[in-house]
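Report on the structure
The primary structure of each chain is shown beneath.
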Amino acid sequence: MSADALTPNTRMLIAYECMRLQNLYCLHADRCDVEGFVSLFAPDGSVEVPEAPAFVGSTAIRAAMKALADTGIANKHLASNHVVDALDATHARGSCYLVVYASAAAPDQRGMRPLEQPSTVGHYDDTFVLTDTGWKFKSRVLTRTFRRDETTSPAAKSMET
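1. Quick notes on a nonpolar patch on the surface
Together, Leu78, Tyr101 and Leu115 make up a nonpolar patch on the protein surface, roughly 330 Å² of accessible area in all. With respect to the helices and strands, Tyr101 occurs in strand β4 (residues 91-103).

Okay, here's the thing in structure tokens:
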């Protein structure tokens, strides 16, 4: 069934489910919820970031997320400008903007870290697939437009010590 054959309500439901995945990605990444993060992807799904080869499949995505969680860096992903288009009843594509704040500084007695400039500003290009367990990412590709200069940031300096 082509996108033209989908009812407006079906297109809206697909867009909602896929935008929910985009938001859950941020939530699970920020909370270092490795299994929640992995659950967002199809078994053969992939994540691509500019500084590494693509992470393909649940095992590779799990290892990458665990390695990130093990750094102890606190992240807050802010996603906006979500656009999702149904291609047919089981496939969709989308994108959203991204701003990430990150800090490697130790939290103070209240659990807060110093605020720094965003570490990344960019966008994700996504493909989605309907699986037996619901909509999942088939692929997620990050394009960085801006990146904090790690040679001058307090987070980078604290990671060196």
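Past the structure itself, the notes keep going.
2. Let's talk about the nonpolar core
In terms of nonpolar packing, the biggest core is built from 28 residues, with Tyr25, Phe41 and Phe128 touching the most fellow members. Of all elements in the fold, only α1 (8-30), α2 (34-38), β1 (41-48), α3 (58-70), β3 (74-88), β4, β5 (120-131) and β6 (134-147) reach the threshold of two or more residues within this core. Of all the elements, α1 adds the most residues to this core, at 7 residues.

3. Some points on the pairing of β3
Sheet faces and side chains relate simply in a regular strand, where the side chains alternate between the two faces. Alignment of β3 against β4, held across 12 bridges, turns out to be antiparallel. Counted as the bridge partner of Val83 is Ser95 from β4.

4. Side note on the pattern of salt bridges
Going through the model one piece at a time under the given rule, you end up with 8 salt bridges. Between Asp70 and Lys66 there is a salt bridge, with the nearest N and O atoms lying 3.0 Å from each other. Pair noted here: Asp70 and Lys66 are both in helix α3, with a separation of 4 residues, about one helical turn. Exposure remark for Asp70: the relative accessible area of 54% places this residue in the exposed category. You can call Lys66 partly exposed: its relative accessible area is 44%. A network of salt bridges, in which partner residues are shared, links Glu51, Arg144 and Arg147.

Definitions and cut-offs
- Residues numbered from 1 in each chain as written.
- Predicted model: local features only at pLDDT ≥ 70, side-chain atom pairs only at ≥ 80, totals over all residues.
- Heavy atoms only, no water.
- Patch = residues over 30% accessible without salt bridge, like charges linked within 9 Å, V, L, I, M, F, W, Y side chains within 5 Å.
- Areas by Shrake-Rupley, 256 points an atom, 1.4 Å probe, with all protein chains shown as cover.
- Salt bridge = Lys/Arg side-chain N within 4 Å of Asp/Glu carboxyl O.
- Helix = DSSP H or I, 4+ residues; strand = E, 2+ residues; numbered from the N terminus.
- Core = buried A, V, L, I, M, F, W, Y, C linked by side-chain atoms within 4.5 Å.
- Buried < 20%, exposed > 50% of the residue type's maximum accessible area, 1.4 Å probe, protein only.
- Pairing = 2+ DSSP bridges.

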